Amino acid sequence: MPANYSGTWDIVDNQNFEAYMVALGIDFATRKVARMLKPQKVFEQDGDSFIIKTFTTFRNYSCSFKIGEEFEEITKGLDNRKCQTTVNWDNDKLVCVQKGEKKNRGWTHWMEGDTLYLRLKAAVHYTVGCLCQNIAAD
Ligand code: VL7
């Protein structure tokens, strides 16, 4: 049985978000607003099927996928790029590869105790780690 990420998660800490946004070419005005945000993640998981919703007061983003099945992702409201995206299990980690214009792009989620982590990657040098707290797991 794979890990179960279902629940609502509040980001409590993040590092290097600014660098990640610069790597994606997000303009200064948008970065200024975005770096103040405290996103909330809602995971809906049924085995290998996922919907990950990211909510903020500024913009929302949603992504649906099945493990191992490549799909076309348009990062609408983010950097608005098209990626060929695949998410796979690496033991209990969720590892996403976003093939497209930006090299080495993707993200990884993992859990340690009650904490959900996210690392976003858009180039070799730019990563962001978000520490999240599950506030509504059942
Ligand atoms: C990525 C946004 C910065 C543009 C607006 C900020 C809006 C969020 O990739 C993500 O989640 C994955 C893994 O959980 C599943 O889709 C969300 C959020 C980072 C990158 C780009 C700034 C403009 C913040 C809606």
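What you see is a predicted model, and the numbers here were worked out from it, not measured in a lab.

1. Re the pattern of salt bridges
Turning to step 1, where the next piece is worked out: Within this structure, the stated rule accounts for seven salt bridges.
Turning to step 2, where the next piece is worked out: Notably, a salt bridge pairs Lys 53 with Glu 44, separated by 3.0 Å at the nearest N-O pair.
Turning to step 3, where the next piece is worked out: In this structure Lys 53 comes out as partly exposed when scored by relative accessible area, which is 25%.
Turning to step 4, where the next piece is worked out: The class for Glu 44 is partly exposed, based on a relative accessible area of 35%.
Turning to step 5, where the next piece is worked out: By sharing partners, the salt bridges in this structure join Asp 79, Arg 81, Glu 101 and Arg 105 into a single network.

2. Regarding the site of the ligand
Turning to step 1, where the next piece is worked out: Surveying the vicinity of the ligand reveals 21 residues, the closest of which are Ile 26, Lys 41, Arg 59, Cys 63 and His 109.
Turning to step 2, where the next piece is worked out: Between the ligand and Lys 41 there is a distance of 2.6 Å, counted from an oxygen atom to a side-chain nitrogen or oxygen.
Turning to step 3, where the next piece is worked out: Between the ligand and His 109 there is a distance of 2.7 Å, counted from an oxygen atom to a side-chain nitrogen or oxygen.
Turning to step 4, where the next piece is worked out: Its free accessible area being 630 Å², the ligand has 97% of it covered by the protein chains.

What counts as what
- Residues numbered from 1 in each chain as written.
- Predicted model: local features only at pLDDT ≥ 70, side-chain atom pairs only at ≥ 80, totals over all residues.
- Heavy atoms only, no water.
- Salt bridge = Lys/Arg side-chain N within 4 Å of Asp/Glu carboxyl O.
- Buried < 20%, exposed > 50% of the residue type's maximum accessible area, 1.4 Å probe, protein only.
- Near = heavy atom within 4 Å.
- Polar contact = N/O pair within 3.5 Å; in protein donor to acceptor, adjacent residues only side chain to side chain.
- Areas by Shrake-Rupley, 256 points an atom, 1.4 Å probe, with all protein chains shown as cover.

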